Amino acid sequence: MAAKVELVPQVAQPPEGTVVFLIGMRINSLWKVHRWLPSFVAMVPMLIELNKQKEYGLLGARTWLGRTVVVIQYWRGMDELMAYAHDTTAGHRPAWARFNRAVANNGAVGIYHEAYVVDPARMHTVYRNMPPFGIARATTSKPQRATPVPRGGS
């Protein structure tokens, strides 16, 4: 079922401390499938784990596929993200160890991550003619203005 498009422009309202986390990989050697495929496949069980166990702190995620894979995740806070990353009973640590053993520095596949703590007073979002998306979907949103602006006017 398609998400409902919001015709009234929306802005996100994430709580202070929400984290935007970019994680992914880049396939550097397309023909070395045996090197990059395990890294590609490893993200799926982690996302399933995080979606089932909300106590870890994941609020939402979206994945884009290509030679460079991008997963944008939204977390309640940096402490929860770091706790999950270092939790030896969760999926990330074993996957990270497998990556280091299998790929190490051979150059066939690269991985990256960036984490940013959101300061609502210093961010800007607008969603127009969009279904709930991004940080607004992961947290909350509100109309950009109290009343819609008529077409052709301001």
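Everything in this summary refers to the structure shown in the same document. (Residues numbered from 1 in each chain as written. Predicted model: local features only at pLDDT ≥ 70, side-chain atom pairs only at ≥ 80, totals over all residues. Heavy atoms only, no water.)

**A look at the side chain of Gln10**
Inspection of the secondary structure assignment puts Gln10 in strand β1 (residues 10–12). Of the polar contacts made by the side chain of Gln10, one reaches the backbone oxygen of Val8; its length is 3.1 Å. A polar contact is formed between the side chain of Gln10 and the side chain of Ser141, at a distance of 3.4 Å. Not counting the four nearest positions on each side in its chain, Gln10 is found in contact with Thr125, Val126, Tyr127, Ser141, Lys142, Pro143 and Gln144. (Helix = DSSP H or I, 4+ residues; strand = E, 2+ residues; numbered from the N terminus. Polar contact = N/O pair within 3.5 Å; in protein donor to acceptor, adjacent residues only side chain to side chain. Contact = heavy atoms within 4.5 Å.)

**Description of the layout of surface pockets**
In this structure, the largest pocket spans a volume of roughly 830 Å³. Together, 36 residues line the largest pocket, and Ile23, Met43, Met46, His92 and Trp96 are the ones closest to its centre. Every element with two or more residues in the lining of the largest pocket is listed here: β2 (19–27), α1 (33–52), β4 (68–75), α2 (78–86), α3 (92–102) and β5 (109–117). For the lining of the largest pocket, the leading source of residues is α1, giving 10 residues. Tallied by class, the residues present in the lining of the largest pocket amount to 26 nonpolar, 7 polar and 3 charged. (1 Å grid on protein atoms, 1.4 Å probe; cavity = no way out; pocket = protein on both sides within 12 Å on 5 of 7 lines; lining within 4 Å. Points joined across faces, edges and corners; volume = space filled by probe spheres on them. Nonpolar A, V, L, I, M, F, W, Y, C, P; charged D, E, K, R; others polar.)

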